[in-house]
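For reference, the chains in residue letters:
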Amino acid sequence: MRDWILYKEHTFPLIRRLNKHFEIIAPVEGKGGDIVFDPITSEHDVVLDFTNTIMPPKRFFFPQFETLFSWKGKEFTLAPPRGAGLTVPLKTKRRIIFGIRPCDFSGILFLDGYYALAYEDNYYFTRRNNTLFILLGCNEPQEHCFCLSAGTGPFLKRGFDIQLTDLKDRYYVQIGSRKGKELIERYDYFFRPASREEKEENIQTVREAERKFKEEVDFDLVAKKMENEEVPESLWQELAVRCQNCGGCSYVCPTCFCFNLIDRVTGKEEGKRMRTWDSCTFSGYTRMAGGYNPREEKKDRVKRRFYHKLVYEPQQFGMHGCVGCGRCVTTCLGNINMPRVMHEIMK
Amino acid sequence: MKKILTTCTYCGCGCGLYLQVEGNEVIGVTPSREHPISRGSLCVKGWNIHEFIQHPDRLRTPLIKKKGGFEEVSWDEAFNLIAEKFKRIKKRFGPDSLGVLASAKCTNEENYLLSKFTRAVLGTNNIDHCARLCHSSTVVGLATAFGSGAMTNSINEIEEADCILVAGSNTTLQHPQIGSRILNAVEKGASLIVVDPRTTQLVSFALLHLKPRPGTDVAWINGMMHVILKKGLANLDFVKKRTENFPALKRKLAKFTPQYVERITGIPKEDLKEAAGIYARAKRAILIYSMGITQHVTGTDNVLSLANLTLLTSHVGRPYTGLNPLRGQNNVQGACDMGALPDFYSGYQKVSNAPCRRKFERAWNVKLPQNKGLTIIEMVREAGRIKGMYIMGENPALSDPDITHTVEALKSLDFLVVQDIFLTETAQLADVVLPGASFAEKDGSFTSTERRVQRVRKSINPVGEAKADWEIICDLSKKMGYPLNYESPEEVMEEIALLTPIYGGIYYDRLEKTFGLQWPCWNKKHPGTTFLHRGSFSRGKGHFTPIDYKPAKELPSKKYSFILTTGRLYYHWHTGSMTRRSSTLHREYPEGFIEMNLQDAQRLGIKNKEMVRVISRRGKITIQALVGELIIPGTVFIPFHFKEAAANLLTNPVLDPKAKIPEYKVCAVRIERIER
Ligand code: SF4
Ligand code: SF4
Ligand code: SF4
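How each quantity is defined
Residues numbered from 1 in each chain as written. Chains lettered and ligands numbered in written order. Predicted model: local features only at pLDDT ≥ 70, side-chain atom pairs only at ≥ 80, totals over all residues. Heavy atoms only, no water. Near = heavy atom within 4 Å. Nonpolar A, V, L, I, M, F, W, Y, C, P; charged D, E, K, R; others polar. pLDDT = per-residue confidence, 0-100. Contact = heavy atoms within 4.5 Å. Helix = DSSP H or I, 4+ residues; strand = E, 2+ residues; numbered from the N terminus. Axes fitted to C-alpha atoms, helices over the stretch in contact; angles between N-to-C directions. Parallel < 35°, antiparallel > 145°, perpendicular 65-115°, else oblique. Domains from an automatic or database assignment. Buried area = accessible area lost by both parts, 1.4 Å probe. Salt bridge = Lys/Arg side-chain N within 4 Å of Asp/Glu carboxyl O. Polar contact = N/O pair within 3.5 Å; in protein donor to acceptor, adjacent residues only side chain to side chain. Buried < 20%, exposed > 50% of the residue type's maximum accessible area, 1.4 Å probe, protein only. Phe/Tyr/Trp six-rings, centres within 6.5 Å; stacked < 30°, edge-to-face > 60°. Lys NZ or Arg CZ within 6 Å of the ring centre and 35° of its normal.

This part takes up the site of ligand 2. For ligand 2, the full set of nearby residues is C243, Q244, N245, C246, G247, C249, T281, C332 and I336 of chain A. Tallied by class, residues from the shell around ligand 2 come to five nonpolar, four polar and no charged.

This paragraph deals with the confidence of the model for chain A. Summarising the model, chain A shows a mean pLDDT of 89, and 95% of its residues fall at 70 or more. The low-confidence segment residues 77–89 of chain A (pLDDT under 50) makes 20 contacts with residues lying over four places distant or belonging to another chain.

Attention now moves to the site of ligand 3. Residues and elements named next belong to chain B. Around ligand 3, the structure places C8, Y10, C11, C13, G14, C15, L42, C43, K45, G46, P176 and Q177. Among the elements of the structure, α1 (44–47) and α8 (176–187) are those that each provide at least two residues to the shell around ligand 3. Taken together, the residues that form the shell around ligand 3 break down as eight nonpolar, three polar and one charged.

What follows covers unusual backbone geometry. Put simply, G153 of chain A and P154 of chain A share a cis peptide bond, and its omega is 5°. Looking at the element boundaries, P154 of chain A is found in the loop between α4 (147–150) and β7 (162–167). A cis amide bond, omega -5°, links W519 of chain B with the succeeding residue P520 of chain B. Examined against the element boundaries, P520 of chain B turns out to sit in the loop between β21 (517–518) and β22 (542–543). The phi dihedral of K168 of chain A is positive, around 60°, even though this residue is not glycine. Locating K168 of chain A in the fold gives a position in the loop between β7 and β8 (170–175). Unlike most non-glycine residues, K609 of chain B shows phi in positive territory, near 70°. With respect to the helices, strands and loops of the structure, K609 of chain B is situated in the loop between α25 (598–604) and β25 (611–615).

Looking now at the packing of helix α8 (residues 233–242) of chain A against helix α10 (residues 298–317) of chain A. All names here are of chain A. Axis separation between α8 and α10 bottoms out at 8 Å; the angle between their running directions is 110°. On the basis of their axis angle, the class for α8 and α10 is roughly perpendicular. Contacts between α8 and α10 involve E233, W236, Q237, L239 and A240 from the former and K298, K299, V302, K303, F306 and Y307 from the latter.

Bringing the domain arrangement of chain A into the picture now. Residue and element names in this part refer to chain A. Parsing chain A into structural domains produces domain 1 (4–58 + 81–210) and domain 2 (219–256 + 289–346). Distance from the C-alpha centre of domain 1 to the C-alpha centre of domain 2: 28 Å. Tallying the contact residues gives 23 residues for domain 1 and 24 residues for domain 2. For the pair domain 1 and domain 2, the two sides together bury roughly 1,800 Å², of which 69% comes from carbon and sulfur. Considering only the side of domain 1, the residues that lose the most area to domain 2 are K58, F110 and F146, jointly responsible for 38% of the buried surface there. In this structure, the salt-bridge partner of R327 is D104, at a minimum N-O distance of 2.7 Å. Counting across the domain 1 and domain 2 interface gives ten residue pairs in polar contact (both at pLDDT 80 or more). Where the side of domain 1 that touches domain 2 is concerned, the elements lending two or more residues are α2 (102–114) and α4. Per-element accounting of the side of domain 1 that touches domain 2 gives the leading share, nine residues, to α2. Per-class residue counts for the side of domain 1 that touches domain 2 are 13 nonpolar, eight polar and two charged.

In the structure shown here, the tally under the stated rule is 62 salt bridges over all chains. Residues D469 of chain B and K442 of chain B are paired through a salt bridge, measuring 2.8 Å at the closest nitrogen-oxygen approach. Residue D469 of chain B is located in helix α21 (residues 469–479), and its partner K442 of chain B is located in the loop between β18 (432–435) and β19 (444–447); the two are separated by 27 residues in the primary sequence. Owing to a relative accessible area of 4%, D469 of chain B belongs among the buried residues under this scheme. Between D475 of chain B and K467 of chain B there is a salt bridge, with the nearest N and O atoms lying 2.7 Å from each other. By relative accessible area, which is 28% here, D475 of chain B ends up partly exposed. A cluster of three or more residues bridged by salt bridges with shared partners is formed by K31 of chain A together with D443, R455, R457 and E512 of chain B.

When you line up the elements, Q64 of chain A lands in the loop between β3 (35–39) and β4 (65–72). Residue classification places Q64 of chain A among the buried positions, given a relative accessible area of 2%. Within the local environment of Q64 of chain A, its side chain forms a polar contact with the side chain of R59 of chain A, the two groups lying 2.9 Å apart. Within polar-contact distance, the side chain of Q64 of chain A engages the backbone nitrogen of V29 of chain B at 2.8 Å.

What follows covers the side chain of D600 of chain B. Residue and element names in this part refer to chain B. Along the polypeptide, D600 turns up in helix α25. Note on D600: relative accessible area 5%, which makes it buried. At a separation of 3.1 Å, a polar atom in the side chain of D600 contacts the side chain of R603. With residues near it in sequence (within four places) discarded, D600 still touches F562, P633, G634 and T635.

All right, on to the packing of aromatic side chains then. Residue and element names in this part refer to chain B. As enumerated under the stated definition, the model contains 41 aromatic pairs over all chains in all. Where Y571 meets Y589, the ring centres are 5.9 Å apart and the plane angle is 45°; that geometry is what we call tilted. With Y571 in the loop between β23 (562–567) and α24 (583–588) and Y589 in the loop between α24 and β24 (593–597), this residue pair connects regions lying 18 residues apart in the sequence. Taking the ring centre of F637 as reference, the NZ or CZ of R198 above it sits at 3.5 Å. Over the ring of Y507 we find K524, and its NZ or CZ is 4.7 Å from the ring centre.

Now for the interface of chain A and chain B. Listed by partner, the interface residues are 50 residues for chain A and 52 residues for chain B. Across the pair E187 of chain B and R340 of chain A runs a salt bridge, and its minimum N-O distance is 2.9 Å. Inspection of the chain A/chain B interface yields 33 residue pairs in polar contact (both at pLDDT 80 or more). With five residues, the single largest contributor to the side of chain A that touches chain B is strand β10 (residues 259–267) of chain A. Among the residues forming the side of chain A that touches chain B, the class breakdown is 18 nonpolar, 20 polar and twelve charged.

This is how it looks when you write it as structure tokens:
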């Protein structure tokens, strides 16, 4: 497909135009100076020179706390969401996520696999399919980023709707899907075709970015060692004593998809079923109703978390369960994190 | 969706977080990465803080008890009844027959207003709050030793220390961010010494773990000082220049030889000597303590002893070096600062000090009572004298020691008003219940354990007809004939700044652009204070108080042969009114337990996870036994969150004579196997 150029001075006008027809979710500056993904009210909210956000935009597809359905009296049917008589509070407005990083978008691609595993999760896919992703590749990987090793960045080759590369005064625009193509066509007066020189400049920029990574790990080596049980149990024990069970590593992770289902009674014969984010570091995650817990020891839970991401998920989904975003490095109260554990295993 | 920056309402670390709001619903949380404390992380409670906010159990309308049951009423009806009853009680029995409990969960502004309401409208100094139950011994002890009872340092300084001594604090669970700083310091090479009868998570990182018998703290602290003096490791130059009363201390320490201390505490003498050496030789030594030190009949003595230790070694008044009481509640520091105490106005200005009193009389335009009011436990214990009580956001019916007695006392009141967000055990006893707002539903400020005053921001409207607590106080005051006219909490803070020297420079516009200011902050130009007592102590010279070892009040006997110590879990908060309604937290620990040593359990024939009966002189409970080696033989632990197996049915309500803090950490119990 043909590549395009968007001048930076035209970015805000483009966003303003898009904002009339879409709900736009983009990096904005929170009150404390943190950059977070949020719906914008004006194009001036958008911040595009940011290091990656504290949390991935996962919550716009899989909210931390969401009502699946509610019931009242006899109006209760055990049926999949959207069954008769159930209130399915879904947001269906068309959305654009503007400025999502390649690692986070890879996280979405990963979630796609999980949420279609046993059946298609309506809540997830309604939102997912209504969203168009405009990626912003990374010229400046941060200290803890290792997407290059994970194969999820700093720029993607395919899978996205649109991907932007920062070429100083302009963006190099690549189209990766029909949805993306339609959008560019509809707003084609904002773009012009990229020249051969610009194409070359894009390739150079990508190469340069790839050279800047400080963090490098070998996913295949680690997985092999783990599969062959070459990792000493003592490593998991050392990690377990540091883990403070905050759940943060799952919450911030773009690929963590686990949820818990709860029922909340809201009145007489009235209630709602909700789902909340869950984490495999909690003991309640695997505890059975009778009190027995197959992973009673924290060591087993921590171990399983890394086995899941590095060994089982690649087998199941054909993708690593880690996209190398580095967020668990920032969020862990016990300084446990993916790159650190991988380095320990690689030793 | 939108994200609103605010401050966590659970612990005193004071993490900055964004609440994710959709419509009028809070559906998630994002930690602030720029915030100096949260730095992109939260503990499990913060991460799941949205789960309790709009729980269906929230109180939505005022309630009045009629014929034994609660009836929903209008605000007007509720206020009219309260005003009438309080006026009548005041007229008949005098203002000191009324008592008020403020709340370490509410904002500074609300605590200030409630203190003003109590003193200016009700006309009594009978106001107190749960700080009495956690750190009143710190306030009294450190006021005597240094002149100011708060953390001397800031949380982030801990990372730079080369020695950290943690006494009676399960830091990783109770102050997760501080626990994390300790871990970072250890990774950088700091030596960690943990003093605790339980093997806490921190012990895994410690160089030394001293396990004193509960209630023997003065002995080991004096023992350390004895060793330090003997080895010549004291900083006598500092002692001479910056302290007073050293000779008296020296005399007292003479008998606390390591052998003598070992007999009392059970700490091997070699360990004591080693700990003393490491601590005294450190260049940057941080001493951290919490409820394991304060919640004793000798709480004030314990705190004074720790202060002695820091003075003797000159480990105070410098960066990365000091004595740090960790305050538990999100705003317990603030509630104290605001004068929700029977003897102080805001900023620790004494009620008994005539010029202070005159200042507040002028500002509030009313004559103020001079005599010191009653403390929490005294109010309840003197329920005959107290006829009416107003309780904002506290749950003494589960959190006081010996709650059987507390519940009786609350029931015997002529009139009880409880303002809360859930129908707590205490609210169930009330004549009128007023629905307050959660932290997500109002503006204001909290002051964290490191004296950081930071903003709390309204994210959603209060549920149902609930109102922000500051508005409730203002409305009620108006009904009682003393209008409190404030447009917003910001205006309240302006008054606080005006009347409270340590908050003198704290205004909302300054809090807006920063993550808060640390008091003392004397004026609008003052940048706030990272660590206290640089160059000189708040009171001038550091004061040594010689302390003798006194055993706990209730020691094990033949009939009650175990020492019971109580405390909290990581997943729950105090009486569980919020955390037990948060599904993620509740799932981790759905029920209470008693932790006991394997040897003891085997002797009694008790198996892990078996139900047992625990009996003290005051009550008995049935609870699951967790058998292991995390606690020393002869001592057992029960968390106090669970009303079905309430630890406080057992605890001993004896008080420290100076600070009036109850001895939650030691009482004698018997454990019985339940025959099947
Ligand atoms: S495991 Fe850590 S680095 Fe990997 S994707 Fe998850 S949060 Fe990012
Ligand atoms: S972020 Fe760290 S402390 Fe929290 S659950 Fe994960 S591993 Fe444990
Ligand atoms: S409870 Fe404490 S450590 Fe946990 S998020 Fe709240 S302020 Fe931070």
